[in-house]
Every structure is written in C-alpha cells, then in structure tokens.
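Here is how the chains run, residue by residue.
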Amino acid sequence: MADGITVTKLNAWFGPSHVLHDIDLAVAPRAVTAIIGPSGCGKSTFIRCLNRMHEVVPGARVVGTVLQEGQDIYSPGVDPVEVRRRIGMVFQKPNPFPTMTVFDNVAAGLRLGGVRDRGVLNERVERALHAAALWEEVKDRLGKPGAGLSGGQQQRLCIARALAVEPEVLLMDEPCSALDPIATARIEELILELKRDLTIVIVTHNMQQAARVADATGFFLLGELVEFGPTSQLFTKPVDKRTEDYITGRFG
Amino acid sequence: MTTTRWRQRVSSLMAILTAAAAGSVILPLVLIFGFLLWQGAAAINVDFFTHLPKPVGEVGGGMANAIIGTLILLGLASLLGLPIGILGGVYLAESRDRRLPWIVRFLADVLNGVPSIVIGIFAYTLVVLPMRRFSAVAGGVALAVIMLPIVVRTTEEMVRLVPASLREAGLALGVPEWKVVLRVVLPTARAGIVTGAMVAVARVAGETAPLLFTAFGNRFWHQGLDQPIAALPLQIFAYAIAPYDDWHRQAWAGALVLIVLVLAVSLMARLVTRGRVGAVR
Ligand SMILES: Nc1ncnc2c1ncn2[C@@H]1O[C@H](COP(=O)(O)OP(=O)(O)OP(=O)(O)O)[C@@H](O)[C@H]1O
Ligand SMILES: [Mg+2]
C-alpha cells in the first residue's frame, strides 16, 4: 500500500536557471506534509516535480530521484501519464473545465481515461463530490456549468475532479489562496478527512494553515530545503536560524 | 465645481464622438444593403430562385444554378480548407518546435496578402491544366487556398487563448497530451474556431476573380464536380457588364442574395457560438 514518497537529490531548472538544489525529503504516507517558504523559493516547482508536471513547461528539466511505491518516477521506462494518474494535483487557482458541467468536470479524468459505463461514472462522481464536501451544494445542479460555481465551490470541484480518478497522492499548490476564511476552513477540514486514505502534500503561504493541517512541514528558501520535520517541532523549536526568522516573521 | 462640469462636458463629447465612429462603421453596410434592396428587390421573385437564366435577349429566368453553384463551391472549399486550416492552427499553437511554426506562420500571413486572382492562377495551373477543363473542384481549391490562412491563424489564436491552467488540469489528471488537446483545449476554443471558420466562408463567398478561370461559370444546372459550375459572383459580373436592363436588375438581385447569404453565415456563426457552456469567457 501507500508508502509515501522519498525524494533524493532533486534538482530542477527552468532553462538555464537552477531553481531547486539537492532536495532530500521523505513524505510520510497517509499524512499531510506542508511546504512553506517565501515567494519564489521553489515550492510550486518542487511539488510539480513530484508528479512530473514540471517538465510540461518548455525548457524545464529535472534531475534526481523521486521514489513512489518503490519506483523512481523519473526512471527511463516510466510513463509520466501513468505517474500523474496516481499522483493527482490541485492548483492555486481553481481551474474547472469551462466547457463542462459540474458532473462532466468530475467525470473528466475517468472519461478521458476510458471509463464509459454510466453506472460506474455516476457512482464515482458522487463519491468524489462527497469526499470533496461538495455533494450537498451541487447535487441539484450537476448539469450546470462547473464555471458557474463560487470560487470556493470551484476549488472543491477541482479537488473532486482530482479525487475521482482515485489517486494515491494528492498534491495541493496553495489551494486556499483564492478563498475566504470560511471556504478555507472547509478545505482544511477536508484535507484532514482525506488524509485517512491519501498522502497529501500541500504548499501554503499561510503558516497557521500549515500548523493546523500538517503532520510534517518543510521550509524552503532560495531553492533549498532549509529544514524539515514534524510540524510542531518546526514551529516551536526550529533548528535553523533562517527557519526561526521566517516563522517569526523577521523576513519574508 | 468647474472642473467637474468641464469633465462632464468632455465626457459627453467623447461619448458622442465614439458613438459617431461606431455608427460610421456600420454605415457603409447599411447603405449597401439599402441600395441593393432598392435596386434588386424588384427582380427577386420565385423564378429567380428556381429557374435557369434565359437565353440572351429573353426576359425573365433566374439564377438558381448560380445560387446552388455558390453553395457547392463553398461546401467544397470548406471541406478542403477547414480541416487543413484547423489542424494547421492547432499545430502552430501546440508545437514546441520554434522554427517550422515560425515559417508556417509567416507564410500564412504572406498567403493572406496574395491577391485572390493570383490564387486563381495557382488553382488554374494546379487543377485546371492537368484536368484539361474548368471545374467546380478547381474553384473549390482556389477558394480553399484563400480560406486557409484565415482559418489557420484564427484557430491558432483561439487555441493559444485557452489558459495553460486548463491544459495542466487535464495533464495532471493523467490524461495523455493529445487527448487533452482534443477533449479539453479544442472544445474550449471551439466558439472562436467556429467563428473563424465562418468568417473565412463569408470572406470567400463573394470572391469573383479566383473563380474566373477555375469554376468558370455555367448557364446550366450543376453537371458534376469535374465540370464548370455557375457561381453568384460570376453571374453578377457577367450580367452587370451585359447591355440588357433585365440582366442589370438580375445582377442587383444576385448581389442582394449574395449579401444575404454572407449575413446568414455570419449570423450562424453568432448563433452556434452563443449560449454554450463557457462559449464566451
Ligand atoms: N515558467 C517559468 N520559467 C522560468 N522561471 C520560472 C518559471 N516558473 C517559476 N520560475 C522561477 O522559479 C523559481 C521558483 O518558482 P516557484 O513558482 O516554484 O516559486 P514558489 O515558491 O511557488 O513561489 P510562490 O509562493 O510565489 O508561488 C522562481 O525564481 C521563479 O521566478
Ligand atoms: Mg507557487
């Protein structure tokens, strides 16, 4: 079963600029791992390396190993499409497919993956919407455009869409940055709910959020992993001076 | 206080100016349409839509063959031009290569500027000479070539407008890139692509020069795609320069029908792209 993700000596580039330097980090299974750090330090780049989304950017390059389920997702024979099916992703800005209804948005991954059976689709879509705590709000408007939901609902729709393909890992890149406190609280509840079945890695700018949801937290600075450890320890007894400065707000 | 008054005055002056500019954009169309109605409406009757032209000197008859011919030519041109144009546009927008797309884009823009009569000569050399006769196919090829750059470029623009975040959302679901393009990117760009296609069709519907020595014109019903075929612009041209009043009237009527056809195509473009999920974002 899930045995987390082990990252070793991960380096990433955008063209000539080297944005991640020798990252070593172990993501525990069925737990929430938060990534914090100032803007531009490479948090997004890092989690995009975990499901081979980094290489989608023209000129982007990755070197290093990322072991998931005992397999290096960067070893030559591995199909990135397969990796992304197992390791889902939720983006900073809600991005439902504008041409699709609520139902079709959630079903998209399954349909495009070849699932046709209406019964299976109905069941999986409903389950995903329940899991994303959105079912009650949209059950009467499954046929309406997904883009017609509120921002917070759209983000949960995107979470449902990612969950519908039943990934083993869910990567979330600042999933609450476009949301108000209430919607944020719902998503945080949801994250705690989801970690019973899933391994979650979440990037956040909000240190309270990391403290609330994460079991372990990593602090990135200028493309390096400065410190990584249990959340409570990182926030109360940081080992590195730079971590302490950051969490106490002395620089940002 | 004075400054507020002054600003309000400038504001209303500007509003009037811009409204006037907007009005003058549609003025030519209104004038053309009115003039055509005035001159051509009288010659429009059932015969005009159902009958062949009468032999020289006889009054009456219609342009049914030319109307059908134009529709066939537009159909042929769309059949050839739209798939190639749309696929080409998708290539330009999606390719990660730098050089070839740049060259294709540049050449498409050049092709867009080539006078249509030159494109007629091209189709003549390519199709008419080998076939040894004027034909509907030759006309269709000429029109398709004119459509190509328009379709390629609008498709490219529309595909590019699809936010990268949607593409990434698709990829992150573990969907292969080609499927993401086909099922996420293209549907999102669909409204714009359809509009571009319709604009291209409307643009070539009235083309005369490239048909002169390809489709050539025909006074009889459609006789097969490998035969010369009538077309409204050709018929209008022939009738307008003939010395008969009745033909002049029919030429006006033909022009009216042609412009209504173009309007209908444009209107269709509006309708297909309206009210769809996410059509306009
Ligand atoms: N598409 C790109 N092309 C070139 N450089 C990029 C690109 N995206 C990001 N970068 C650079 O890579 C570095 C890391 O960016 P990244 O997006 O991972 O930062 P981040 O920690 O997620 O920041 P934020 O908190 O603002 O989202 C930055 O210096 C950024 O300028
Ligand atoms: Mg980021």
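The residue count restarts for each chain, going from 1 along the sequence in the order it is written. The naming scheme follows written order: chains are lettered A onward, ligands numbered 1 onward. The model is predicted, so local features are restricted to residues of pLDDT at least 70 and side-chain atom pairs to those at 80 or more, both for listing and for counting; the totals for chains, interfaces and linings are taken over all residues. The side-chain quantities take in all heavy atoms of the structure and omit both hydrogens and water.

> Even after reading the chapter, I still don't get the packing of helix H3 (residues 102-112) of chain A against helix H4 (residues 118-131) of chain A, so can you show me in this structure?
Each pair of packed helices can be described by the angle between their axes along with the distance between the axes. Residue and element names in this part refer to chain A. Viewed as axis vectors pointing N to C, H3 and H4 meet at an angle of 120°, and their least axial separation amounts to 9 Å. As for how H3 packs across H4, the hand of that crossing is right-handed. Seen from H3, the contacting residues are Phe 103, Val 106, Ala 107, Leu 110 and Arg 111; seen from H4, they are Arg 118, Leu 121, Asn 122, Arg 124, Val 125, Ala 128 and Leu 129. Residues are grouped as follows: nonpolar covers Ala, Val, Leu, Ile, Met, Phe, Trp, Tyr, Cys and Pro; charged covers Asp, Glu, Lys and Arg; every other residue, Gly included, is treated as polar. A per-class count over the contact of H3 with H4 returns eight nonpolar, one polar and three charged. Only the stretch in contact is used when a helix axis is fitted, and all axes are lines through C-alpha atoms; the angle between N-to-C directions ranges over 0 to 180 degrees. Per the convention used, a helix needs a DSSP run of H or I reaching at least four residues, while a strand needs a run of E reaching at least two, with both numbered from the N terminus. Left-handed describes a crossing in which the near helix is turned anticlockwise from the far one by less than a right angle; the clockwise case is right-handed. Pairs of residues are marked as contacts when any of their non-hydrogen atoms sit within 4.5 Å.

> Just to check I follow, could you spell out the site of ligand 1 for this structure?
Residue and element names in this part refer to chain A. Around ligand 1, the neighbouring residues are Phe 14, Val 19, Ser 39, Gly 40, Cys 41, Gly 42, Lys 43, Ser 44, Thr 45, Val 57, Glu 174 and His 205. For this analysis, a polar contact is any N or O atom pair within 3.5 Å, provided that within protein one partner can donate a hydrogen and the other can accept it, and provided that sequence-adjacent residues contribute only side-chain to side-chain pairs. Ser 39 places a polar side-chain atom, nitrogen or oxygen, 2.5 Å from an oxygen atom of ligand 1. A distance of 2.8 Å separates an oxygen atom of ligand 1 from a polar atom in the backbone of Gly 40. At three residues, helix H1 (residues 43-49) tops the list of elements feeding residues into the shell around ligand 1. A breakdown of the residues in the shell around ligand 1 according to their chemical character gives four nonpolar, six polar and two charged. For each residue, the test is whether any non-hydrogen atom lies within 4 Å of the molecule or strand; if one does, the residue is near.

> I'm lost on the pattern of salt bridges in this one. Help?
When the charged atoms of two side chains lie near each other, side chains of opposite charge can form a pair. Residues and elements named next belong to chain B. In what follows, salt bridge is the name for a side-chain nitrogen of Lys or Arg lying within 4 Å of a carboxyl oxygen of Asp or Glu. All told, the structure shown has 22 salt bridges over all chains when counted by the stated rule. Between Asp 226 and Arg 133 there is a salt bridge, with the nearest N and O atoms lying 3.6 Å from each other. Of this pair, Asp 226 sits in the loop between helix H9 (209-212) and helix H10 (232-240) while Arg 133 sits in the loop between helix H5 (116-131) and helix H6 (136-161); the two residues are 93 residues apart in sequence, bridging distant segments of the chain. Residue class for Asp 226 comes out partly exposed when judged on its relative accessible area of 35%. In this scheme, a residue with accessible area under 20% of its type's maximum is buried, one over 50% is exposed, and one in between is partly exposed, where area comes from a 1.4 Å probe on protein chains only.

> Got a minute to help me understand a nonpolar patch on the surface in this structure?
Residues and elements named next belong to chain B. Surface patches are drawn from residues lacking salt bridges whose relative accessible area is over 30%; two like charges belong together within 9 Å, two nonpolar side chains (Val, Leu, Ile, Met, Phe, Trp, Tyr) within 5 Å. Only the protein chains shown count as cover for residues, with accessible areas throughout obtained via the Shrake-Rupley method and a probe of 1.4 Å. A cluster of nonpolar side chains, Tyr 91, Leu 100, Trp 102, Ile 103, Val 104, Phe 106, Leu 107 and Val 110, forms an exposed patch at the surface whose accessible area comes to about 740 Å². No other element matches the seven residues that helix H4 (residues 99-113) contributes to the nonpolar patch. Taking relative accessible area as the criterion, Ile 103 reaches 37% and is therefore assigned partly exposed.

> Even after reading the chapter, I still don't get the sheet that holds strand S1 (residues 5-14) of chain A, so can you show me in this structure?
Hydrogen bonds between backbone groups are what pair the strands of a sheet, and the pairing can be parallel or antiparallel. All names here are of chain A. With antiparallel pairing, four strands are arranged side by side in an open sheet as S2-S1-S4-S5. The open sheet has two edge strands, strand S2 (17-27) and strand S5 (71-72), and neither has a second partner. A pair of strands counts as paired when DSSP detects no fewer than two bridges linking them. Across eight bridges, the pairing between S1 and strand S4 (residues 60-68) is antiparallel. Within the sheet, the bridge partner assigned to Ala 12 lies in S4 and is Val 62.

> Just checking my understanding: could you explain the packing of helix H3 (residues 64-94) of chain B against helix H8 (residues 177-205) of chain B for this structure?
Residue and element names in this part refer to chain B. Between H3 and H8, whose axes approach to 9 Å, the crossing angle comes to 135°. By the angle between their directions, the pair H3 and H8 is classed as oblique. For H3 against H8, the interelement crossing comes out right-handed. Contacts from Leu 74, Ser 78, Leu 82, Ile 86, Val 90 and Glu 94 in H3 reach Glu 177, Val 181, Val 185, Leu 186, Ile 193, Ala 197, Val 201, Val 204 and Ala 205 in H8. A class-by-class count of the residues in the contact of H3 with H8 yields twelve nonpolar, one polar and two charged. Any angle that is under 35 degrees is reported as roughly parallel, and any over 145 degrees as roughly antiparallel; angles of 65 to 115 degrees are reported as roughly perpendicular and all others as oblique.

> I keep staring at the side chain of Ser 135 of chain B and nothing clicks. Help me out?
Residues and elements named next belong to chain B. Note that Ser 135 resides in the loop between H5 and H6. Note on Ser 135: relative accessible area 0%, which makes it buried. Once residues lying within four places of it in the same chain are set aside, the contact partners of Ser 135 are Val 127, Thr 214, Ala 215, Leu 225, Asp 226, Gln 227 and Pro 228.

> Hey, could you run me through the packing of aromatic side chains in this one?
Here the distance between the centres and the angle between the planes together describe a pair of aromatic rings. Pairing of aromatic side chains here covers Phe, Tyr and the six-membered ring of Trp, requires ring centres within 6.5 Å, and sorts the geometry by plane angle: under 30 degrees stacked, over 60 edge-to-face, intermediate tilted. Going through the model one piece at a time under the given rule, you end up with eleven aromatic pairs over all chains. With 4.8 Å between their ring centres and 25° between their planes, Phe 219 of chain A and Tyr 246 of chain A make a pair best called stacked. Residue Phe 219 of chain A is located in strand S9 (residues 216-221), and its partner Tyr 246 of chain A is located in helix H10 (residues 241-247); the two are separated by 27 residues in the primary sequence. Comparing Phe 219 of chain A with Tyr 246 of chain A, the two get one shared label, buried. Seen in terms of ring centroids, Phe 134 of chain B and Phe 216 of chain B are 4.3 Å apart; in terms of plane orientation they differ by 5°. Their pairing is stacked. Placement of Phe 134 of chain B in the loop between H5 and H6 and of Phe 216 of chain B in the loop between H9 and H10 is noted, with a sequence separation of 82 residues between them. Note on Phe 134 of chain B: relative accessible area 24%, which makes it partly exposed. For Phe 216 of chain B, a relative accessible area of 45% gives the class partly exposed. Connected via pairs of aromatic rings, a cluster forms that spans Tyr 124, Phe 134, Phe 213 and Phe 216 of chain B.

> In this structure, what is going on with the sheet that holds S9 of chain A? I would like to understand it.
Residues and elements named next belong to chain A. Ordered in space as S6-S7-S8-S3-S9-S10, the six strands form an open sheet in which the pairing is mixed. Pairing within the sheet leaves two strands with one partner each, and these edge strands are strand S6 (87-90) and strand S10 (224-230). Taking each pair of neighbouring strands and ignoring which way they run, the sheet shows an average axis angle of 15°. Across the face of the sheet, helix H6 (residues 151-164) comes into contact with S6 and strand S7 (169-173) while running at roughly 170° to S6. Strand contacts of helix H7 (residues 181-194): strand S3 (32-36), S7 and strand S8 (199-203), with the helix running at about 150° to S8, the strand carrying the most contacts.

> Quick question: what am I supposed to make of the environment of Trp 135 of chain A here?
All names here are of chain A. Along the chain, Trp 135 turns up in helix H5 (residues 135-138). Overall, Trp 135 belongs to the buried group, its relative accessible area being 13%. Trp 135 sits 19 residues away from Arg 116 along the chain, and the two C-alpha atoms are 22 Å apart. Excluding residues within four positions of it along the chain, Trp 135 makes contact with Glu 126, Leu 129, His 130 and Leu 142.

> Please clarify how the pairing of S9 of chain A should be interpreted in this entry.
It is a general feature of regular strands that their side chains alternate between the two faces of the sheet. All names here are of chain A. Burial within S9 is extensive, with six of its six residues counted as buried. Residues Ala 216, Gly 218 and Phe 220 line one face of S9 and the alternating positions Thr 217, Phe 219 and Leu 221 line the opposite face, and both faces are buried. As defined by bridge partners, S3 adjoins S9 across four bridges and the pair is classed as parallel. Each residue of the ladder has a partner; that of Thr 33, found in S9, is Ala 216.

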